[in-house]
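Summary of the model geometry
The lines below spell out each chain.
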Amino acid sequence: MNFLTALGDGLVIARRNLIKLKRVPDVLVFVLLSPIMFVLLFAYVFGSAIDIPGGSYREFLMGGIFGQTVIFGATFTGAGLAEDMQKGIIDRFRSLPMSRAAVVLGRTASDVIYNVITLTVMAITGLIVGWRIRGSLLDALAAFLLLLLFAYSVSWVMALLGLSVPSPEVLNNASFIVIFPLTFIANTFVPAESLPTVLRVFAEWNPISSLVQAVRELFGNIPPGAPEPASWPLQNPVIYTVLCACLIIAIFAPLAVRRYVRVAKKS
Amino acid sequence: MKDIIQATGLVKRYGEVVALDGLDLSVREGTIVALLGPNGAGKTTAVSVLTTLIEPDEGSATVAGVDVLKDPAEVRKLIGLSGQYAAVDKDLTGYENLDMIGCLYHLGRKRARSRARELLDRFDLADAADRPVKTYSGGMRRRLDLAGALVAESPVLFLDEPTTGLDLISRRELWRLIRTLVDQGTTLLLTTQYLEEADRLADDVLVIDKGKAIAHGTVDELKDMVGGERIEIKVADREDLPAAHEVLGRVAVGELQGDERSRTVVAPVTGGARELAGVLQLFESNEVPVSEVVLRRPTLDDVFLALTGASAESREQTSEPAKPGRRGRGSR
């Protein structure tokens, strides 16, 4: 009963967030433009500069851009929550007999919709600049689902961060400190094998690497003749990514909800 | 009649600031009780404790028999709250706000929708129902916020300074709406710093100051506590003020209150109309010209003055130490 209430109330909040997304179009513009910008920037700036024998660097890049963009998108979750906590509506929520988890649950849920929009725009832009899905449609669908699942798990990390900072502005800076190294010390833009040892080990076990690897495999974007990855996570990228996502949710979801209750109480 | 709200010995400290200092209160079912006091008296803190928003450091409270500390979730099902700052989402329309609140009270989709329309009609917001709240005037937002508190037809309502910052017309309108609520048997605890508001709305008034109840009773009982009537004389010329003080001093049963700017002197008396005639004769024979004269019952301001030695109205202007409030309040 408790779980169902939380789910129902979470949906009510998610609906509210989506209405707000529709009403405040500047957010939507950002949601739509940033993936286009990412794809064009990387495809033309890096994609033209680097040659991969037997393959296309632009195709290799797309998986990395997909991964990086959905993870950047997770900052929305944190920023949205940080902003909500400053609003009078939170006082209303606290006096209602709704689930204490609903506000955070609703926010992470509505951000899945943001990510669906982002991925769609990004995929279309990618197709225009020459990226192709070379695997089966089912595999491609699995790739998109995997991206959504992992982004959802990062949303919970950002939710905790968003509830721990004093204002949405601080969140942007704080989240970049986490996101930048995570997305760059990975195989997003360069093969993990080319990194120096310490960074290479980090990159190999970085779940963002396995996410990107999985997506590349599922889209059929691994260049022929590319060396077989040496580490277990990159040899079994789908399983490793799903495991990591579940682990992150299991750790951060309870922390974020507890944090919400604590922040909301302090008045 | 039984007490539907009950609180004993509530204490809440914010560092050095003591917001509640052993507050006791009880509200009988189906009545309107006003918590009256100046800014910083602890009114909002008291409401926040009773509505489970904050936990007191000491003391206990029940709402409709449910313990606020032990079972806050149950209490939330029984209450409606409308706060000092309109707690509505400004990007949503009026209808969407009420519909959302209905859903979160678990009324069910259908009931939440019909209830939202019903309340928008009743609060004269039907025309603005499908406009985002950010286009509303201050009075409209307050009405919407009040409607939000009524969505679930909760048996106990808390209104925290429902009319603070509103113009006179919006305030009167809100008073009218609030009065109609309690005709339906709802219990209402409201806080106010406006004496007139307590006078207009409340069956019982609890005067609080510095986190403690300092007087309790009906408006009439409080006025009787101070006793008698007031004669208020306005002299034609400022230079006549000392003479007016002297004359009124002869009949007053307590301390005189004078205000130089409005050229008035107020004297507590006990003799009613007969005494007034005598006073006017005294002014006549002393050749002090009078421009206005009023015989009245004490106002709640007189009551507050007598109880605390300071005028509630004048203390509104003194700044209180800032409470460590919610983040970002200042930005609104």
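Described in the following lines is the structure provided in the data block. (Residues numbered from 1 in each chain as written. Chains lettered and ligands numbered in written order. Predicted model: local features only at pLDDT ≥ 70, side-chain atom pairs only at ≥ 80, totals over all residues. Heavy atoms only, no water.)

Topic: the overall build of chain A
Selection criterion: Counting from the N terminus, the helices are the DSSP runs of H or I reaching at least four residues and the strands are the DSSP runs of E reaching at least two. Pairs of residues are marked as contacts when any of their non-hydrogen atoms sit within 4.5 Å. Under the convention used here, a 1.4 Å probe and the Shrake-Rupley method define accessible areas, while residue burial counts only the protein chains that appear. Charged residues are defined narrowly, with Lys and Arg counted positive, Asp and Glu counted negative, and His plus the chain ends left uncounted. Where a charge sits is defined by one atom per residue type, namely NZ (Lys), CZ (Arg), CG (Asp) or CD (Glu).
When you go through chain A residue by residue, the secondary structure sums to 12 helices and 0 strands. In chain A, once contacts between residues fewer than 6 apart in sequence are set aside, the share between residues at least 24 apart is 81%. Counting every atom, chain A has about 11,500 Å² of accessible surface; 74% of that belongs to carbon and sulfur. Averaged over its 20 positive side-chain charges, chain A has a centre that lies 13 Å from the centre of its 14 negative ones.

Looking at the side chain of A:D111
All names here are of chain A. Here is the rule: Throughout, exposure labels follow a simple rule: accessible area from a 1.4 Å probe, protein chains only, divided by the maximum for the residue type, with under 20% read as buried, over 50% as exposed, and the rest as partly exposed. The working definition used for a salt bridge is a side-chain nitrogen of Lys or Arg within 4 Å of a carboxyl oxygen of Asp or Glu.
Tracing the backbone shows D111 in helix α6 (residues 102–128). Nearest to the buried, unbridged D111 among oppositely charged side chains is R107, at 4.6 Å. Excluding its chain neighbours within four sequence positions, the residues that come into contact with D111 are F76, T77 and S155.

With respect to unusual backbone geometry
Residues and elements named next belong to chain B. Its identity is not glycine, yet E161 carries a phi of approximately 45 degrees, on the positive side. The backbone of K210 sits at a positive phi, close to 50 degrees, despite the residue not being glycine. Among the secondary structure elements, K210 is positioned in the loop between β9 (204–209) and β10 (212–218).

A look at the interface of chain A and chain B
Quick note on the threshold: Buried area is calculated as the accessible area (1.4 Å probe) missing from two parts once they are joined, with the contributions of both summed. Here a polar contact is taken to be a pair of N or O atoms separated by no more than 3.5 Å, where protein atoms must pair a possible hydrogen donor with a possible acceptor and residues adjacent in sequence count only if both atoms sit in side chains. Think of it as three bins: nonpolar holds Ala, Val, Leu, Ile, Met, Phe, Trp, Tyr, Cys and Pro, charged holds Asp, Glu, Lys and Arg, and polar takes everything else, Gly as well.
Each side of the interface is counted separately: chain A has 32 residues, and chain B has 34 residues. For the pairing of chain A and chain B, the buried interface totals around 3,200 Å² over both sides, and the portion due to carbon and sulfur atoms is 52%. B:D99 is the salt-bridge partner of A:R15, the closest N and O atoms lying 3.2 Å from each other. Counting every contact that joins chain A to chain B gives 12 residue pairs in polar contact (both at pLDDT 80 or more). Of all elements in the fold, only α1 (2–23), α5 (89–95) and α12 (237–265) of chain A reach the threshold of two or more residues within the side of chain A that touches chain B. Classifying every residue of the side of chain A that touches chain B gives 15 nonpolar, 5 polar and 12 charged.

Some points on the sheet that holds strand β13 (residues 264–269) of chain B
In sheet architecture, strand pairing relies on hydrogen bonds along the backbone and comes in two forms, parallel and antiparallel. Residues and elements named next belong to chain B. Our working rule: When DSSP finds at least two bridges between two strands, those strands are taken to pair. Axis angles are defined between N-to-C directions and span 0 to 180 degrees, where every axis is a line fitted to C-alpha atoms and, for a helix, only to the segment in contact.
In space, the 4 strands of this open sheet follow the order β12-β13-β11-β14, with antiparallel pairing throughout. Both edges of this open sheet fall to β12 (257–259) and β14 (290–296), since each of them pairs with a single strand only. Averaged over all neighbouring strand pairs, the angle between strand axes comes to 15 degrees, with direction disregarded. Where strand β11 (residues 229–235) meets β13, 6 bridges bridge the pair, whose relative direction is antiparallel. The residue bridging E232 from the neighbouring strand is V266, located in β13. The strands touched by helix α10 (residues 272–285) are β11, β13 and β14; relative to β11, the strand with the most contacts, the crossing angle is about 25 degrees.

Description of the sheet that holds strand β2 (residues 17–28) of chain B
Residue and element names in this part refer to chain B. Ordered by their spatial adjacency, 4 strands build an open sheet running β2-β1-β4-β5, and the pairing between neighbours is antiparallel. Among the strands making up the open sheet, the edge pair consists of β2 and β5 (66–67). Bridging between strand β4 (residues 58–63) and β5 involves 2 bridges; their strand directions are antiparallel. Paired with T62 across the two strands is D67, which belongs to β5. Across the sheet, helix α1 (residues 43–50) lies against β1 (3–14), β2 and β4, angled at about 60 degrees from β2, the strand it touches most.

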